[in-house]
Amino acid sequence: MTEDRARLGALPTTYPRIFADGPLTWGFEHGDGWSELVAALCANLNEILESEPGASMGVKQVKEKFGTLRFYYRLNGANDKVAKRVRHAVDLAEKASGCICERCGCLAKLRAEAGWWSTLCPSCRTDST
Ligand SMILES: [Zn+2]
């Protein structure tokens, strides 16, 4: 297991309030390059939830789709302001994933090749073709 994978695997234990439904059924279904982005998002969400003691959150699925990050969750008992902040944090991370190489975490561009969308830096893109 890589250091990035271990870091991702520890997130449900580190943030039990975000992963209230337990660890992800299929794990983190994306490349290691996004591990820092996902860890930062979880830290951010945890901070938002701290302002709303009655809210509960469960992350359903975290994966790559059409070259960018998808972060699926449920949120209960949060007021509109908190719900909006959570949505904004997730949106931002999903958009940012389109500039971060999914494999190595370097600056990258979202691009379609032969109809297949991916976010990879030039050197990872060369490796994969
Ligand atoms: Zn790369």
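Shown above is the structure to which this text applies.
Residues numbered from 1 in each chain as written. Predicted model: local features only at pLDDT ≥ 70, side-chain atom pairs only at ≥ 80, totals over all residues.

A. Structural detail: the nonpolar core. Of all hydrophobic cores here, the largest spans 25 residues; its most connected members are Leu 37, Val 38, Leu 41 and Leu 45. With seven residues, the single largest contributor to this core is helix α2 (residues 35-50). In contact with Leu 45, not counting residues within four places along its chain, are Ile 18, Val 86 and Ala 89. (Core = buried A, V, L, I, M, F, W, Y, C linked by C-beta atoms within 7 Å. Buried ≥ 20, exposed ≤ 12 C-beta atoms within 10 Å, placed from the backbone. Helix = DSSP H or I, 4+ residues; strand = E, 2+ residues; numbered from the N terminus. Contact = placed C-beta atoms within 7 Å.)

B. Examining the packing of helix α1 (residues 3-14) against α2 more closely. At their nearest, the axes of α1 and α2 sit 10 Å apart, and the two run at 20° to each other. One element, α1, and the other, α2, form an angle in the roughly parallel class. The chirality of how α1 crosses α2 is left-handed. Residues Asp 4, Arg 7, Leu 8 and Leu 11 of α1 form the contact with α2, whose participating residues are Ser 35, Val 38, Ala 39 and Cys 42. (Axes fitted to C-alpha atoms, helices over the stretch in contact; angles between N-to-C directions. Parallel < 35°, antiparallel > 145°, perpendicular 65-115°, else oblique. Left-handed = near helix turned anticlockwise from the far one by under 90°.)

C. Region of interest: the sheet that holds strand β3 (residues 68-76). In space, the three strands of this open sheet follow the order β1-β2-β3, with mixed pairing throughout. Looking at which strands have only one partner, the edges of the open sheet turn out to be β1 (28-29) and β3. Here two bridges tie β1 to strand β2 (residues 56-65), and the two strands are oriented parallel to one another. Considered in β2, the bridge of Phe 28 is made with Val 62. (Pairing = 2+ DSSP bridges.)

D. Expanded view of the environment of Lys 109. Its location among the elements puts Lys 109 in strand β4 (residues 109-113). On the basis of neighbour count, Lys 109 is assigned to the partly exposed category, with 14 C-beta atoms found within 10 Å. Each C-alpha atom, one on Lys 109 and one on Gly 98, is 6.2 Å from the other, the two residues being 11 residues apart in sequence.

E. Here's a closer look at helix α3 (residues 80-96). In this model, α3 (17 residues) spans 24 Å end to end at C-alpha, consistent with the 24 Å of a helix rising 1.5 Å per residue. Those residues of α3 lying buried are Val 86, Val 90 and Ala 93. The buried side chains of α3 occupy one side of the element, clustering within an arc of 60° when seen end-on. Seen from the open side of α3, the exposed residues pointing more than 90 degrees away from its buried face are Asp 80, Lys 81, Lys 84, Arg 87, His 88, Asp 91 and Lys 95. Close packing links the buried residues of α3 with α2 and β3. (Expected span 1.5 Å × (residues − 1). Arc of directions from axis to C-beta.)

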